[in-house]
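Structure assessment
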Amino acid sequence: MGGEALQPQLDAFLAGHEDDLTLFRRDLHMHPELGYAEHRTTQRIVERLTAAGLRPQVLPRGTGLFCDIGPEDGPTVALRADIDALPLQDEKDVPYRSTVPGVAHSCGHDVHTTMVLGAGLFLAQQAAAGLLPGRVRLLFQPAEETPGGALDVMAAGGICGVDRAFALHCDPRIEVGQLGLRTGPITAACDKVYVKVTGPGGHTARPHLTADLVYALAKIVTELPAALSRRVDPRSSLSLVWGRVSAGSVANAIPDDGIAEGTVRCLDDEAWHRAPEMMKALLQSVAAAYDVEASLEYVRGVPPTVNEATSVQMFRDASAEVLGEEAAVPTPQSLGGEDFGWYLESIPGALARLGVRTPGSTAEYDLHRGDFDVDESCIGVGIRVLVATALTALWDGGRPGDPDQVLKASTAT
């Protein structure tokens, strides 16, 4: 394994801090907080960073924060963690089970937070020794699940001056010690749509004297997804799927209104931006054919997360240095949403999937389930990857263990 200058330092740091960081993760897991209510979580992070001599800055709404480490006269790299929990009941029988009814860290955000905190504490030591050739900004983002927290970070200047951004996300399909990488779209845009159809109503015996609203709604529900798929490049994976359709209350009356609600998911940024206008035009066309009125409420969620190739290579190089050449594995695209995509619309970067499944385990824990948990040895793995990736990016794309970098580091001391 390479990384001769970095690896022993990471080993020593984790030997002294890994148990404490695991307890920190468990504390967050026991006290989960929903988006924009993460006051205790924010305070706990602030306390740890302040104790390390850093100066965290809490976001204006009172939850979430960012914190700079190292000198300003160099490149700036951001490491992002999301800190909110989900409105789910924790169903695990473990000592660190959630103490908050109906709220649980079932997406691994407690792990993400702990890993970025641990990486920050290590990098703070490096900065104090004069070993950072630039600045690392820790982003502890609120309300990823809402979503919207990324926009609050950006509005507060959280990515101003940042050259690249990186994030890890727990993946229970991948074993601990592996890192899932993909160039290009790795998660999808995810928007919500609400369609309301109205007509005069009438008797089912005389549909020709009114507008057959249920039939028209059925046509909208079936034709819109099909028409959308023919208006965009198939590689964009634009998908409209309905989750709720409702109209009428009795069998022999044509209702005067009906609704359809669903989600639009997409892997292509251009198609995502075009989707609302395309859908509105198609909706009006179908509605007019059946003499009903139709309105569309299109609620933006998050853009697709599109990984930049150079940033993915930095993840790959870093994982090779601290985990081994075989640690990086391909990972598939997902049609799930992730608001890290907002950052990557403005700056280059990448999101990687961190293996959290115990090697050899047959248990399958999916995200957003009440029984979701991780093999906590993933925390140390994630810290190693984040540290090595940040240093790789700060050294202008070099590898943390390259001889030139070791020379630079020893000269700095």
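Criteria and thresholds
- Residue numbers here run from 1 along each chain, matching the order of that chain's written sequence.
- For this predicted model, a pLDDT threshold of at least 70 governs which residues receive local features, and a threshold of 80 or more governs which side-chain atom pairs are given and counted, while totals over whole chains, interfaces and linings are taken from all residues.
- As a rule here, side-chain values cover all heavy atoms of the structure and leave hydrogens and water aside.
- Secondary structure counts use DSSP, requiring at least four H or I residues in a row for a helix and at least two E residues in a row for a strand, with both numbered from the N terminus.
- Classification of residues uses two cut-offs on accessible area relative to the type maximum, computed with a 1.4 Å probe and protein chains only: under 20% is buried, over 50% is exposed, and between them is partly exposed.
- Between two residues, a contact is recorded if the distance between any of their heavy atoms is within 4.5 Å.
- Surface exposure here means Shrake-Rupley accessible area, sampled with a 1.4 Å probe, where a residue is shielded only by the protein chains that are shown.
- We score Asp and Glu as negative and Lys and Arg as positive, and we do not count His or the chain ends.
- In this description, the location of a charge corresponds to atom NZ of lysine, CZ of arginine, CG of aspartate or CD of glutamate.
- UniProt positions are given in the numbering used here, feature names are shortened, and annotations may be inferred rather than shown by experiment.
- Salt bridges are defined as contacts in which a side-chain nitrogen from Lys or Arg sits within 4 Å of a carboxyl oxygen from Asp or Glu.
- For the purposes of this analysis, a disulfide is any pair of cysteine sulfur atoms at a distance within 2.5 Å.
- Throughout, nonpolar core names a set of buried Ala, Val, Leu, Ile, Met, Phe, Trp, Tyr and Cys residues whose side chains join them through atoms within 4.5 Å.
- Note on aromatic contacts: the rings of Phe and Tyr and the six-membered ring of Trp form a pair at centre separations within 6.5 Å, being stacked when their planes are under 30 degrees apart, edge-to-face when over 60 apart, and tilted otherwise.
- Sitting over a ring, as applied to charges here, requires NZ of Lys or CZ of Arg to be within 6 Å of the ring centre and within 35 degrees of the ring normal.
- The domain limits used here are those given by an automatic or database domain assignment.
- By buried area we mean how much accessible surface two parts lose on assembly, using a 1.4 Å probe and totalling the loss over both.
- Definition of a polar contact: a pair of N or O atoms within 3.5 Å, with one able to donate and the other able to accept a hydrogen when the atoms are protein atoms, and with sequence-neighbouring residues admitted only if both atoms are side-chain atoms.
- All amino acids are sorted into three groups, where Ala, Val, Leu, Ile, Met, Phe, Trp, Tyr, Cys and Pro are nonpolar, Asp, Glu, Lys and Arg are charged, and the leftover types, Gly among them, are polar.
- In a helix, the anticipated span is given by 1.5 Å times the number of residues less one.
- Buriedness for pockets is judged along seven lines, at least five of which must meet protein on both sides within 12 Å for an open set on the 1 Å grid over protein atoms alone, while cavities are sets there where a 1.4 Å probe fits but cannot get out, and lining residues have an atom within 4 Å of a point.

The name an unreviewed UniProt entry gives the chain is Amidohydrolase, with Actinomadura rudentiformis as the organism.

Of regular secondary structure, the chain possesses 10 helices and 16 strands. The principal-axis extent of the C-alpha atoms belonging to the chain is close to 85 × 45 × 45 Å. When burial is assessed residue by residue, the chain has 52% of its 413 residues classed as buried. Pairs at least 24 apart in sequence give 81% of the contacts found in the chain among residues at least 6 apart. A total of about 17100 Å² of accessible surface is found on the chain, and carbon and sulfur atoms cover 51% of it. When the 34 basic and 55 acidic side-chain charges of the chain are each reduced to a single mean position, those positions are 4 Å apart.

UniProt tags residues 194-290 as "domain: Peptidase M20 dimerisation" (unreviewed entry). Span residues 194-290 is 39% helix and 29% strand, its end C-alpha atoms 19 Å apart.

With that out of the way, let us pick up the pattern of salt bridges. Evaluation of the coordinates by the stated rule reveals 23 salt bridges. A salt bridge links Asp 68 to Arg 137, with the nearest nitrogen and oxygen atoms 2.6 Å apart. Taken as a pair, Asp 68 in strand β2 (residues 65-69) and Arg 137 in strand β4 (residues 135-141) lie far apart in primary sequence, 69 residues in all. Its salt-bridge partner being Lys 92, residue Asp 90 comes within 2.8 Å of it at the nearest N-O pair.

Next up on the list: the state of the cysteines. Going through the model one piece at a time under the given rule, you end up with 0 disulfides. You can see Cys 107 has no disulfide; the closest cysteine sulfur is in Cys 170, sitting 7.8 Å from it. Between Cys 266, a free cysteine, and Cys 190, which holds the nearest cysteine sulfur, the sulfur-to-sulfur gap is 11 Å.

The next subject is the nonpolar core. Residues Leu 49, Leu 79, Leu 123, Phe 140, Leu 168, Phe 315 and Val 387 are the most contacted members of the largest nonpolar core, which totals 61 residues. Looking at this core element by element, the count peaks at 12 residues for helix α9 (residues 378-394). Beyond its immediate sequence surroundings of up to four residues, Leu 79 is in contact with Val 116, Ala 119, Leu 123, Val 136, Arg 137, Leu 138, Leu 139, Phe 166, Leu 386 and Ala 390.

If you walk through the whole model with that rule in mind, you get 5 aromatic pairs. Each ring, one from Trp 272 and one from Trp 342, has its centre 5.9 Å from the other, and the planes form 75°; the classification is edge-to-face. Highlighted residues: Trp 272 in helix α6 (residues 269-289) and Trp 342 in helix α8 (residues 340-344), separated in sequence by 70 residues. Positioned over the ring face of Tyr 36 is Arg 61, at 3.6 Å from the centre of the ring. Cation over ring: Arg 300 sits above Trp 272, and NZ or CZ is 4.0 Å from the ring centre.

By domain assignment, the chain separates into domain 1 (3-185 + 305-396) and domain 2 (189-302). Between the C-alpha centres of domain 1 and domain 2 there is a distance of 39 Å. Contact residues are listed per partner, giving 11 residues for domain 1 and 9 residues for domain 2. At the boundary of domain 1 with domain 2, total buried surface from both sides reaches about 850 Å², with 66% on carbon and sulfur atoms. The largest contributions to the domain 1 side of the interface with domain 2 come from Leu 335, Trp 342 and Glu 345, which together make up 53% of the buried area. On the surface where domain 1 and domain 2 come into contact, there are 0 salt bridges. At the surface where domain 1 touches domain 2, the tally comes to 2 residue pairs in polar contact (both at pLDDT 80 or more). Among the residues forming the side of domain 1 that touches domain 2, the class breakdown is 4 nonpolar, 4 polar and 3 charged.

Let us now look at helix α7 (residues 309-322). Across its 14 residues, α7 extends 20 Å between first and last C-alpha, which sits within 8% of the 20 Å expected from 1.5 Å per residue. Within α7, 10 of the 14 residues are buried, which leaves it mostly tucked inside the rest of the structure. Looking at α7, one finds that the buried residues are Ser 311, Val 312, Met 314, Phe 315, Asp 317, Ala 318, Ser 319, Ala 320, Glu 321 and Val 322.

In this section: the UniProt feature "binding site: Mn(2+)" (unreviewed entry) in the chain. Annotation from UniProt places "binding site: Mn(2+)" (unreviewed entry) at Cys 107, His 109, Glu 145, His 169 and His 368. The named residues occupy 262 residues along the chain; their greatest pairwise C-alpha distance, 13.2 Å, places them in one compact cluster. Of the annotated positions mentioned, Cys 107, Glu 145, His 169 and His 368 line the largest pocket. Tracing the backbone shows Glu 145 in the loop between β4 and α4 (149-155). When residues no more than four places from it in sequence are discounted, the contact partners of Glu 145 are Asp 84, Ala 85, Leu 86, Cys 107, His 109 and His 368. Polar contacts involving the side chain of Glu 145 include one to the side chain of His 109, which spans 3.5 Å. Locating His 169 in the fold gives a position in strand β5 (residues 164-175). Excluding residues that lie within four positions of it along the chain, His 169 makes contacts with Cys 107, His 112, Glu 338, Leu 351, Ala 352, Arg 353, Leu 354 and Leu 367.

Once that is clear, we can look at the environment of Asp 152. Within the element layout of this structure, Asp 152 appears in helix α4. In this structure, the C-alpha to C-alpha distance between Asp 152 and Asp 73, residues 79 residues apart in sequence, is 26 Å. Discounting chain neighbours no more than four positions away, the residues touching Asp 152 are Tyr 36 and Arg 61.

Bringing the side chain of Asp 191 into the picture now. Relative to the helices and strands, Asp 191 resides in strand β8 (residues 189-198). We classify Asp 191 as buried; its relative accessible area is 0%. There is a polar contact of 2.8 Å between the side chain of Asp 191 and the side chain of Trp 272. At a separation of 2.8 Å, a polar atom in the side chain of Asp 191 contacts the side chain of Tyr 298. Setting aside residues no more than four positions away along its own chain, Asp 191 makes contact with Gly 262, Thr 263, Val 264, Trp 272, Tyr 298, Val 299, Arg 300, Gly 301 and Val 302.

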